[in-house]
Amino acid sequence: MAGNKKVVVLLAAAIFSAVVGICSAATITVGGDTTGWTIPPSQSFYTTWASKQKFKVGDSLVFPFQAGMHTVAEVSKAAYDSCSTANPLSAVLATAPANITIRTAGTHYYICTVTGHCSNGQKLAIVAAASSAPAPAPKSSKPKKAASPAPAPSTTAAAPASTPTVPAAKAPAGSTPGTAAPPSGNFAAPSAAGFGFLGLISVAAAAALLGV
Ligand SMILES: [Cu+2]
């Protein structure tokens, strides 16, 4: 039962972020398709490139580079200016291509941590605008570790879903009619198999409606 609920929550979160993603989030290839993430032809290359782009919260930055040759790490402004690799703000990403989702508005700084590369211009500063999306759903865009941030979307989606679900779900479940069951009670019902599927559909529908 608990597993069922988790599946519903994950599905709702996935649909939510997918809908929001279609509306607003972009994937941006750092350096463009021809240059990508490398020691650039000029020191000002990434500054010039970034000045022609628009970045916002929820967008994904893709850093394409030759495997084993470069890395990407988000750093402070001071570290960006001095090309210091001592205290990066993020993990050092060494797998190509590296993907980074912009989480907060404001200026973000990225460097290659391979010796000499940053000082030769492999450094990027971007200014991200606030997201235009109504909900903070993009947080859970990576399903691998979506378990902890899920509670917010689940309550939103479960509330409206319970209304249309109750009559349909109660019949096969054979439980007492007329008892107004709370949303959480619905998901904990013993007739997990058939009901879980119905609940899944209605939550998905509700999530889609809310997202549009
Ligand atoms: Cu490099």
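The coordinates are above.
Each value, and the rule that gives it
Residues numbered from 1 in each chain as written. Predicted model: local features only at pLDDT ≥ 70, side-chain atom pairs only at ≥ 80, totals over all residues. Heavy atoms only, no water. Helix = DSSP H or I, 4+ residues; strand = E, 2+ residues; numbered from the N terminus. Buried < 20%, exposed > 50% of the residue type's maximum accessible area, 1.4 Å probe, protein only. Areas by Shrake-Rupley, 256 points an atom, 1.4 Å probe, with all protein chains shown as cover. Donors = N, O, S within 2.8 Å, 3.2 Å for Na, K, Ca; no water. Tetrahedral: all angles 85-135°; square planar, octahedral: opposite > 155°, others 65-115°. Disulfide = S-S within 2.5 Å. Salt bridge = Lys/Arg side-chain N within 4 Å of Asp/Glu carboxyl O. Polar contact = N/O pair within 3.5 Å; in protein donor to acceptor, adjacent residues only side chain to side chain. Pairing = 2+ DSSP bridges. Axes fitted to C-alpha atoms, helices over the stretch in contact; angles between N-to-C directions.

## Let's talk about the overall build of the chain
Of regular secondary structure, the chain possesses seven helices and seven strands. Counting helices and strands in the order they occur from the N terminus, the chain gives α-β-α-α-β-β-β-α-β-β-β-α-α-α. Out of the 212 residues in the chain, the part that is buried amounts to 38%. In the form shown here, the chain has an accessible surface area of approximately 11,400 Å², with 64% of it arising from carbon and sulfur atoms.

## Things to note about the coordination of the copper ion
Every protein donor of the copper ion is listed here as His 70 (ND1), Cys 112 (SG), His 117 (ND1) and Gln 122 (OE1), and their distances to the metal cover 2.0 to 2.1 Å. Coordination at the copper ion is tetrahedral: its four donor atoms span angles of 91 to 135° at the metal. Taken in sequence order, the residues that donate to the copper ion follow the motif H-x41-C-x4-H-x4-Q. Highlighted residues: His 70 in the loop between strand S3 (60–63) and strand S4 (73–75) and Cys 112 in the loop between strand S6 (106–111) and strand S7 (123–129), separated in sequence by 42 residues. Here His 70 matches Cys 112 in class, with each residue buried.

## Some remarks on the state of the cysteines
Taken as a whole and judged by the stated rule, the model has one disulfide. Between the sulfur atoms of Cys 83 and its disulfide mate Cys 118 the distance is 2.0 Å. On the sign convention where negative means left-handed, the S-S torsion of about -75° between Cys 83 and Cys 118 marks this disulfide as left-handed. Placement of Cys 83 in the loop between helix H4 (77–82) and strand S5 (98–101) and of Cys 118 in the loop between S6 and S7 is noted, with a sequence separation of 35 residues between them. Since its relative accessible area comes to 4%, Cys 118 is described here as buried.

## A few points about the pattern of salt bridges
Taken as a whole, this structure holds two salt bridges when the rule is applied. Salt-bridge contacts for Asp 59 lead to Lys 56; the nearest nitrogen and oxygen are separated by 3.0 Å. Exposure class is identical for Asp 59 and Lys 56. Each is buried. Asp 81 is the salt-bridge partner of Lys 77, the closest N and O atoms lying 2.7 Å from each other. Of this pair, Lys 77 and Asp 81 both sit in helix H4, four residues apart, which is roughly one turn of that helix. For Asp 81, a relative accessible area of 45% puts it in the partly exposed group.

## Focus on the side chain of His 70
Here His 70 falls in the buried class, since its relative accessible area comes to 8%. Polar side-chain contacts of His 70 include one of 3.5 Å to the side chain of Thr 38. Of note is the side chain of His 70, whose polar atom sits 3.0 Å from the side chain of His 117.

## What about the sheet that holds strand S1 (residues 27–29)?
Across a sheet, strands are paired by hydrogen bonds formed along the backbone, either parallel or antiparallel in direction. Pairing is mixed in the open sheet, where three strands are placed in the order S1-S3-S5. If you trace the sheet from one side to the other, it starts and ends with S1 and S5, each paired once. Taken over all neighbouring pairs, the strand axes of this sheet differ in orientation by 25° on average, direction set aside. Strand direction decides the pairing type here: S3 and S5, joined by four bridges, are antiparallel. Its bridge partner lying in S5, Phe 63 is registered against Ala 98.

## A look at the sheet that holds S6
Across the sheet, four strands lie side by side as S2-S7-S6-S4; this open sheet has mixed pairing. The open sheet has two edge strands with one neighbour each: strand S2 (55–56) and S4.

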